Amino acid sequence: MTSVAEASRPAGRAAGGGAGGAAGRGAWFLVLPALIPILVLSVGPLLYGILLAFTDAQSGRTAGTRWIGALNFRDLWHDTLFWESFRIGLVWAVGVTVPQFLLALGLALLLDQELRLRPLARALAIVPWAMPEVVVAIMWRLVYNPDAGVLNETLRDLGLGHGRDWLSGLATALPAVIVVGVWAGMPQTTVALLAGLQNTPRELHEAASVDGAGAWRRFRTVTWPALRPVALAITALNLIWNVNSFALVYVLTSGGPGGKTRLPMLFAYEEAFRYGQFGYAAAMGCVLVAVVSILLAVFLAGRLRGGEDA
């Protein structure tokens, strides 16, 4: 009896292993339709861009592309214009992300209340999210128009001056673009925070109210601890998206005036498609990928640390 049982165990394991292998192959077949577009459209171009960064690839040249090693990165290290664009990009990313979160948090708290027309208010709050960035930029160019723009006309009617060219002024171009970025990106942050608020148990708020806690104390002790994971996630994603911004600023100012709104992505675009320096532009892209990867790693490390503390 013992020998029979022992003899049957390897067969069972073999059968189980065969079934597990078949299930694994079946799982791969299910994943492939989603995996192939990612490999072809994301991973492939990324690897090609990294390879291109180590060459002297240029547009319109008759000679073959040569491998030059880290020469593009050495030149980039000494390129003051790139690092200035990098500084502007950080100002833009932080200047958009922080007000975006604060305003979205206030709007989410408002939309979480029992408003009379709450469905309509929620629908209107996500309208900017449904608009393409190019359309948003064109609309705001009309708002900022120095001659017949809504903003300047309003200032004239209020007796606050004769208006100004907001997108062409050295001192006003970047703040004006930041305002547009905040307006365009606030809806998705609002939706994420509103979802987090609605997952907070109402019983906790009621218990805190019974204990005599005011609105600020309820927010600090009940709402924010439940909302904190969502807030961290959407803030990190917003920061990464804003670092990689291109279309909105390109349509609004094309990086002007005088490079005051030239974000790193705009600089890389100009190097590649205006000056034909594909290898050098690819090196800029590699630096941006590294920065975004570091931001993502810091965020994930913070989340994992927070999970361990919990």
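Preceding this paragraph is the structure being described.
K.L.:
If you had to explain a nonpolar patch on the surface to someone new, which residues and values would you point to?
P.N.:
A contiguous nonpolar surface patch, about 1,100 Å² in accessible area, is contributed by Phe29, Leu32, Ile36, Ile38, Leu39, Val40, Leu41, Val43, Leu46, Leu47, Ile50 and Val289. With 11 residues, the single largest contributor to the nonpolar patch is helix H1 (residues 2-52). Among the secondary structure elements, isoleucine 38 is positioned in helix H1. For isoleucine 38, a relative accessible area of 44% gives the class partly exposed.

K.L.:
How would you summarise the packing of helix H3 (residues 80-111) against helix H8 (residues 173-198) if you had to cite specific residues and measurements?
P.N.:
The N-to-C vectors of H3 and H8 enclose an angle of 45°; their axes lie 6 Å apart at closest approach. One way to sum up the angle between H3 and H8 is to call them oblique. Two packed elements cross with a definite hand, and for H3 against H8 that hand is right-handed. Tallied by class, the residues present in the contact of H3 with H8 amount to 21 nonpolar, six polar and no charged.

K.L.:
With reference to specific residues and values, describe the environment of methionine 131.
P.N.:
With respect to the helices and strands, the residue methionine 131 is situated in the loop between helix H5 (127-130) and helix H6 (133-143). C-alpha of methionine 131 to C-alpha of alanine 184: the two residues are 53 residues apart in sequence and 8.5 Å apart in space.

Conventions we followed
- Residues numbered from 1 in each chain as written.
- Predicted model: local features only at pLDDT ≥ 70, side-chain atom pairs only at ≥ 80, totals over all residues.
- Heavy atoms only, no water.
- Patch = residues over 30% accessible without salt bridge, like charges linked within 9 Å, V, L, I, M, F, W, Y side chains within 5 Å.
- Areas by Shrake-Rupley, 256 points an atom, 1.4 Å probe, with all protein chains shown as cover.
- Salt bridge = Lys/Arg side-chain N within 4 Å of Asp/Glu carboxyl O.
- Helix = DSSP H or I, 4+ residues; strand = E, 2+ residues; numbered from the N terminus.
- Buried < 20%, exposed > 50% of the residue type's maximum accessible area, 1.4 Å probe, protein only.
- Axes fitted to C-alpha atoms, helices over the stretch in contact; angles between N-to-C directions.
- Parallel < 35°, antiparallel > 145°, perpendicular 65-115°, else oblique.
- Left-handed = near helix turned anticlockwise from the far one by under 90°.
- Nonpolar A, V, L, I, M, F, W, Y, C, P; charged D, E, K, R; others polar.

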